[in-house]
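# Breakdown of the fold
For reference, the chains in residue letters:
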Amino acid sequence: MEVVDAHLHLPSPRLDWPHGEASRRDLQAELLLAQLDAAGVDAAVLVAVPGAAPVDECLGIAARHPDRVAVIAPWDGDEAPEGVLGVRLVLSWPPENAERLRSGGYDGLFDAAERRGVPVSVLAGGVLPEIAEVARARPSLRLVVDHLGLDQPPYLPAGDPPWGGLPDLLALAGLENVAVKLSGAPTLSAEPYPYRDVWPHLDRVLSAFGADRCLWGSDAHRVSGRLRGFPPVPPYPGQHSHAQALHHLLDRAGLSEAERAALFGGTARRVLGWPARS
């Protein structure tokens, strides 16, 4: 079975590298591929982040390894770069982004994305009711809710309670053009691996959306607290490795083979429009 990580950033070794920019980028690519291999991941979608994971670096790796790497780009008001699978909006922070969403400031992007068939990923904790309105108004627009629509450590504090926002996500399940990434869930756990306390919540999401609208993603470099351009993060409850992000779900009983094939790759390929290579 193919395993596709639907949400990953560039690895950041936090090392001085005096040998030039070209070789530093080669190092980034080699680190990424080695980490995928070590975790048992066949392919990954790099989510570009200004400063931390620049889109040009992500696209450079994807161009050299198109069978294993694809890219989602942040939307900054300009045309999306050539070669990306889709665009991403960070709507939950800073507060003015949420206000812009409520005032219709992103409607032009959503309209254009619907016309062109471009998937839009949203970091939308606290504004999922507004995302529901966007989805209802544009039934052909493919929307992907990142990180279960919940605030997650280490760069955002978890809600109180951590899963308190889940009803807002479940309310989107009736909208067929909305999918959800089951990424970063162990960061909300109060238990060690395999994070059994998150399973009942993920079961609710899988039951509501179905595996054909759920995408597994690790977000391994965020949860490790090692995003380039961000301050280092000390260990915290729920911190986990790339392999643990995968196996806390992959090894769990209760999923059929068809559900596994969808959740761990098939849904990402279909929703993001990234065809598998033979």
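Residues numbered from 1 in each chain as written. Predicted model: local features only at pLDDT ≥ 70, side-chain atom pairs only at ≥ 80, totals over all residues. Heavy atoms only, no water.

Moving on to the packing of helix α1 (residues 21-39) against helix α2 (residues 55-64). Put simply, α1 and α2 touch, their axes get as near as 10 Å, and they point 65° apart. Of the possible angle classes, the one that applies to α1 and α2 is roughly perpendicular. Pair α1 / α2 crosses with right-handed handedness. For the pair α1 and α2, contact is made by E21, R24, R25, D26, Q28, A29 and L32 and by D56, E57, I61 and R64, respectively. Here the residues of the contact of α1 with α2 are counted per class, giving three nonpolar, one polar and seven charged. (Axes fitted to C-alpha atoms, helices over the stretch in contact; angles between N-to-C directions. Helix = DSSP H or I, 4+ residues; strand = E, 2+ residues; numbered from the N terminus. Parallel < 35°, antiparallel > 145°, perpendicular 65-115°, else oblique. Left-handed = near helix turned anticlockwise from the far one by under 90°. Contact = heavy atoms within 4.5 Å. Nonpolar A, V, L, I, M, F, W, Y, C, P; charged D, E, K, R; others polar.)

Before going further, it helps to spend a moment on the packing of α1 against helix α9 (residues 242-250). In contact at an axis separation of 9 Å, α1 and α9 are set at 35° when each is read in the N-to-C sense. The interaxial crossing formed by α1 with α9 has right-handed handedness. Seen from α1, the contacting residues are Q35, L36 and A39; seen from α9, they are H242, A243, L246 and H247. A class-by-class count of the residues in the contact of α1 with α9 yields four nonpolar, three polar and no charged.

Now for the nonpolar core. Grouped together as the largest cluster of nonpolar side chains are 75 residues, with contacts concentrated most on L143, L148, L169, L172, L182 and V205. Here L169 is in contact with L128, V145, L148, V180, V205 and F209, once residues within four sequence places are set aside. Membership of the second largest hydrophobic core comes to 14 residues, among which are A43, V45, L85 and A179. (Core = buried A, V, L, I, M, F, W, Y, C linked by side-chain atoms within 4.5 Å. Buried < 20%, exposed > 50% of the residue type's maximum accessible area, 1.4 Å probe, protein only.)

Time to look at the pattern of salt bridges. With the rule as written, the count across this model stands at 15 salt bridges. Linking D146 and R88 is a salt bridge whose minimum nitrogen-to-oxygen distance equals 2.7 Å. Of the two residues, D146 is situated in the loop between β6 (143-145) and α6 (166-170) and R88 in strand β4 (residues 86-90); the sequence distance between them amounts to 58 residues. By relative accessible area, which is 9% here, R88 ends up buried. A salt bridge links D146 to K181, with the shortest nitrogen-to-oxygen separation between them at 2.9 Å. (Salt bridge = Lys/Arg side-chain N within 4 Å of Asp/Glu carboxyl O.)

Spatial strand order, β1-β2-β3-β4-β5-β6-β7-β8: eight strands in an open sheet with parallel pairing. In this open sheet, the two strands that pair with only one neighbour each are β1 (4-8) and β8 (214-217). Adjacent strand axes in the sheet meet at a mean angle of 25° when their direction is disregarded. Sheet analysis places strand β5 (residues 120-123) next to β6, joined by three bridges and oriented parallel. (Pairing = 2+ DSSP bridges.)

The alternating pattern of β8 places C214 and W216 on one face and L215 and G217 on the opposite face, and all of these are buried. Of the pairings in the sheet, the one linking strand β7 (residues 178-183) to β8 comprises four bridges and is parallel in character. Across the sheet, the residue bridging to K181 is L215, located in β8. Crossover connection from β7 via helix α7 (residues 199-209) to parallel β8: handedness right-handed. (Right-handed = clockwise from strand over helix to strand, strands pointing away.)

Within the structure shown, the criterion is met by three aromatic pairs. Taking the centre distance of 6.2 Å and the plane angle of 65° together, the rings of W75 and Y106 count as edge-to-face. Residue W75 is found in the loop between β3 (69-74) and β4, and its partner Y106 is found in the loop between α3 (95-102) and α4 (107-116); the two are separated by 31 residues along the sequence. What makes Y106 buried here is its relative accessible area of 4%. Consider the rings of W216 and F264, whose centres lie 6.0 Å apart with planes at 45°: the pair is tilted. Taken together, the residues span a long stretch of sequence, with W216 in strand β8 and F264 in helix α10 (residues 257-272) at a distance of 48 residues. The same class applies to W216 and to F264, which are both buried. Geometry around Y106 places R100 over its ring, the cationic atom sitting 4.4 Å from the centre. The ring of W274 carries the charged tip of R269 above its face, separated from the ring centre by 4.2 Å. (Phe/Tyr/Trp six-rings, centres within 6.5 Å; stacked < 30°, edge-to-face > 60°. Lys NZ or Arg CZ within 6 Å of the ring centre and 35° of its normal.)

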